[in-house]
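If you want the building blocks of each chain, they are given just below.
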Amino acid sequence: MVSAPAPSPSPNSAAGVPVWRNVRVLQWAFQLVILAFTALVLWWLWSNYTTNSARLNLPTDLGYLDNPTSFELTGNPLSQNAPVRSAIFEGLYNTLRISIVGIILATILGTILGIARLSQNWLVSKLAAVYVEAVRNIPLAIFLIAGLLAIVLGILPT
């Protein structure tokens with residue numbers, strides 16, 4: 001009668017393997033060394049930052065947020081004497097408004113173009129396909145440069 005071969009011992013079994021050769025112990029030790037090294041680097045960076053900012057008398061607090069802005073935001077009732085904090089909140093509010101309007105308009109445009117691509121009308125379907133493929137195949141940087149040039153050339157006086 002043939003007996004089944006004995007199972008080979010797994011690398012993590014502790015049946016006679018010294019602690020310094022146990023795979024699980026070595027993995028944990030490696031993780032702890034990496035964690036200690038990362039903590040040491042972060043401590044060194046923080047220490048370097050605080051020492052140099054104290055040596056150069058650089059303020060690192062948020063006190064500048066109470067200083068006057070000395071500029072106006074176009075289209076907003078923000079005066080030049082308003083604190084920087086108000087200008088930051090006004091900029092966040094403007095970004096939120098533009099983002100919401102952009103998301104809504106992009107959803108409407110995408111829905112209309114999707115319906116146009118599925119249209120039975122040959123001309124409407126082909127025009128929508130040409131627009132979608134043109135926009136898809138032109139890099140975003142080209143659109144940004146063209147938009148910037150259109151805004152700069154359209155707004156600034158000659």
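Residues numbered from 1 in each chain as written. Predicted model: local features only at pLDDT ≥ 70, side-chain atom pairs only at ≥ 80, totals over all residues. Heavy atoms only, no water.

Engineer: Can you walk me through the overall build of the chain in this structure?
Structural biologist: Helix and strand counts for the chain come out as four helices and zero strands. When its helices and strands are written in sequence order, the chain yields α-α-α-α. Burial statistics for the chain: of 158 residues in total, 11% are counted as buried. At a minimum sequence separation of 6, the contacts of the chain that also span at least 24 residues come to 0%. As displayed, the chain offers around 13,700 Å² of accessible surface, 71% of which is attributable to carbon and sulfur atoms. (Helix = DSSP H or I, 4+ residues; strand = E, 2+ residues; numbered from the N terminus. Buried < 20%, exposed > 50% of the residue type's maximum accessible area, 1.4 Å probe, protein only. Contact = heavy atoms within 4.5 Å. Areas by Shrake-Rupley, 256 points an atom, 1.4 Å probe, with all protein chains shown as cover.)

Engineer: Can you help me understand the packing of aromatic side chains in this one?
Structural biologist: The description of an aromatic ring pair uses the distance of the two centres, along with the angle that the planes make with each other. Here the structure, examined in full by the defined rule, presents one aromatic pair. Measuring from ring centre to ring centre gives 5.4 Å for Trp46 and Tyr49, while their planes differ by 45°; the resulting arrangement is tilted. Linking Trp46 with Tyr49, this pair stays in helix α1 (residues 23–55), spanning three residues, or about one helical turn. (Phe/Tyr/Trp six-rings, centres within 6.5 Å; stacked < 30°, edge-to-face > 60°.)

Engineer: Can you help me understand helix α2 (residues 84–117) in this one?
Structural biologist: A turn of α-helix holds 3.6 residues, and therefore any two residues three or four places apart point the same way. Taking 1.5 Å as the rise per residue, α2 with 34 residues should run 50 Å; its terminal C-alpha atoms sit 48 Å apart, in good agreement. In this structure, the buried side of α2 is in contact with α3 (122–137). (Expected span 1.5 Å × (residues − 1).)

Engineer: Can you walk me through the environment of Ile115 in this structure?
Structural biologist: On the secondary structure map, Ile115 appears in helix α2. Residue Ile115 is classed as exposed on the basis of its relative accessible area, which comes to 58%. Remark: the alpha-carbon pair of Ile115 and Ala128, spanning 13 residues in sequence, is separated by 9.0 Å.

Engineer: Can you help me understand the packing of α2 against α3 in this one?
Structural biologist: The description of two packed helices rests on the angle between their axes and on the distance between the axes. The interhelical angle for the contact between α2 and α3, taken along N-to-C directions, is 130°, at an axis separation of 7 Å. With respect to α3, the axis of α2 lies oblique. Handedness of the crossing formed by α2 with α3: left-handed. Counting all contacts with α2, which are made through Leu109, Leu113, Ala116 and Arg117, the residues of α3 involved are Val124, Ser125, Ala128, Ala129, Tyr131, Val132 and Glu133. Tallied by class, residues from the contact of α2 with α3 come to eight nonpolar, one polar and two charged. (Axes fitted to C-alpha atoms, helices over the stretch in contact; angles between N-to-C directions. Parallel < 35°, antiparallel > 145°, perpendicular 65-115°, else oblique. Left-handed = near helix turned anticlockwise from the far one by under 90°. Nonpolar A, V, L, I, M, F, W, Y, C, P; charged D, E, K, R; others polar.)

Engineer: Got a minute to help me understand the pattern of salt bridges in this structure?
Structural biologist: Pairs can form between side chains of opposite charge once their charged atoms are near each other. In this structure the tally under the stated criterion is two salt bridges. Between Arg85 and Asp66 there is a salt bridge whose closest N-O contact spans 2.7 Å. A residue pair is termed long-range when its members are at least 10 positions apart, and Arg85 in helix α2 and Asp66 in the loop between α1 and α2 qualify at 19 residues. Of the residues examined, Asp66 reaches a relative accessible area of 53% and is grouped as exposed. (Salt bridge = Lys/Arg side-chain N within 4 Å of Asp/Glu carboxyl O.)

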